[in-house]
Amino acid sequence: EFVATIVGIIIFGAGLFSALASISIGKITERLTMPRIVFTATWAVGTLFILQYIMPSIWGLGIFRAIAGFFMGFITPIANTLISKAVPKERRSIVFGAVSSVAMMGNVLGPMISGMIANWFGYGMVFWSTASIFFIAAIFVWRSLLRESI
């Protein structure tokens, strides 16, 4: 039962820090472009998942999970803003519906696939695979930034 309490605290911390990030987006977007923030946040989350893996204590893992939650709090709101700017008004409902559906599939399939990865390859591989997904996403954002600057 003590483990469940610690896990609850860690999940709460990640959610709280994510909410704090979402609140602070306005001030940060005054200094940095939104695509750069998404790139930095995505790369940071990937790095923090690796740091969570190498943490020797549950409290250290919790701290890095909360910091990852902070950076995750930037990604969705800014991505939605960028989508609304890039998509014509008459198509936005379709695009946001598709984005919402993909996000919900991720919420369902993520834990299921993570469980299978942990069962087949060990818990450490869950951290590495999640970090890899964030790094790949960051590379796509970076390539998009390079195209904009040309």
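Conventions adopted
Residues numbered from 1 in each chain as written. Predicted model: local features only at pLDDT ≥ 70, side-chain atom pairs only at ≥ 80, totals over all residues. Heavy atoms only, no water. Axes fitted to C-alpha atoms, helices over the stretch in contact; angles between N-to-C directions. Helix = DSSP H or I, 4+ residues; strand = E, 2+ residues; numbered from the N terminus. Parallel < 35°, antiparallel > 145°, perpendicular 65-115°, else oblique. Left-handed = near helix turned anticlockwise from the far one by under 90°. Nonpolar A, V, L, I, M, F, W, Y, C, P; charged D, E, K, R; others polar. pLDDT = per-residue confidence, 0-100. Buried < 20%, exposed > 50% of the residue type's maximum accessible area, 1.4 Å probe, protein only. 1 Å grid on protein atoms, 1.4 Å probe; cavity = no way out; pocket = protein on both sides within 12 Å on 5 of 7 lines; lining within 4 Å. Points joined across faces, edges and corners; volume = space filled by probe spheres on them. Phe/Tyr/Trp six-rings, centres within 6.5 Å; stacked < 30°, edge-to-face > 60°. Contact = heavy atoms within 4.5 Å. Core = buried A, V, L, I, M, F, W, Y, C linked by side-chain atoms within 4.5 Å.

### Some details on the packing of helix α2 (residues 34–54) against helix α3 (residues 58–86)
Running from amino to carboxyl end, α2 crosses α3 at an angle of 155 degrees, the nearest separation of the two axes being 8 Å. Judged by the angle between their axes, α2 and α3 are roughly antiparallel. By crossing handedness, the relation of α2 to α3 is classed as left-handed. Of the residues belonging to the contact of α2 with α3, the class tally is 20 nonpolar, three polar and two charged.

### With respect to the confidence of the model for the chain
Taken over all residues, the pLDDT of the chain has a mean of 90, while the share at 70 or more is 98%. Mean pLDDT across the secondary structure elements of the chain bottoms out at helix α1 (residues 2–29), with 86, and peaks at α2, with 94.

### Considerations on the side chain of Gln 52
Note that Gln 52 resides in helix α2. Looking at Gln 52, the relative accessible area reads 2%, which means it is buried.

### Structural notes on the layout of surface pockets
Looking at the largest pocket, its volume works out to about 1,700 Å³. Met 72, Gly 106, Asn 107, Thr 130 and Phe 134 are the residues nearest the centre of the largest pocket, which is lined by 42 residues in total. Broken down by secondary-structure element, the contributors of at least two residues to the lining of the largest pocket are α1, α2, α3, α4 (92–121) and α5 (123–149). By residue number, the principal contributor to the lining of the largest pocket is α4, which donates 15 residues.

### So, the environment of Leu 32
You can see Leu 32 is positioned in the loop between α1 and α2. The partly exposed category is assigned to Leu 32, whose relative accessible area is 46%. Separated by 104 residues in sequence, Leu 32 and Ile 136 have C-alpha atoms that sit 22 Å apart.

### Description of the packing of aromatic side chains
Aromatic rings considered in pairs are described by the distance between their centres and by the relative angle of their planes. By the definition in use, this model includes ten aromatic pairs. With centroids separated by 6.3 Å and ring planes inclined at 45 degrees, the aromatic side chains of Tyr 53 and Phe 127 adopt a geometry described as tilted. Of this pair, Tyr 53 sits in helix α2 while Phe 127 sits in helix α5; the two residues are 74 residues apart in sequence, bridging distant segments of the chain. Owing to a relative accessible area of 38%, Tyr 53 belongs among the partly exposed residues under this scheme.

### Brief notes about the packing of α3 against α4
Taken N-terminus to C-terminus, the directions of α3 and α4 make an angle of 150 degrees; their axes are 10 Å apart at the nearest point. Regarding the angle of α3 to α4, the classification is roughly antiparallel. Handedness of the crossing formed by α3 with α4: right-handed. Facing α3, whose interface residues are Asn 80, Ile 83 and Ser 84, α4 presents Arg 92, Val 95, Phe 96 and Val 99. A breakdown of the residues in the contact of α3 with α4 according to their chemical character gives four nonpolar, two polar and one charged.

### Let's talk about the nonpolar core
Note that soluble globular proteins tend to have their nonpolar side chains buried in a common cluster. With 23 residues, the main nonpolar core has Phe 49, Phe 74 and Ile 78 as its most contacted residues. Those elements giving two or more residues to this core turn out to be α1, α2, α3 and α5. The contact partners of Phe 49, leaving out residues within four places of it in the chain, are Met 72, Phe 127, Thr 130, Ala 131 and Phe 134.

### Some thoughts on the environment of Ile 67
Along the chain, Ile 67 falls in helix α3. On the accessibility criterion, Ile 67 (31% relative accessible area) is partly exposed. The sequence separation of Ile 67 and Ile 6 amounts to 61 residues, and the corresponding C-alpha distance is 16 Å.

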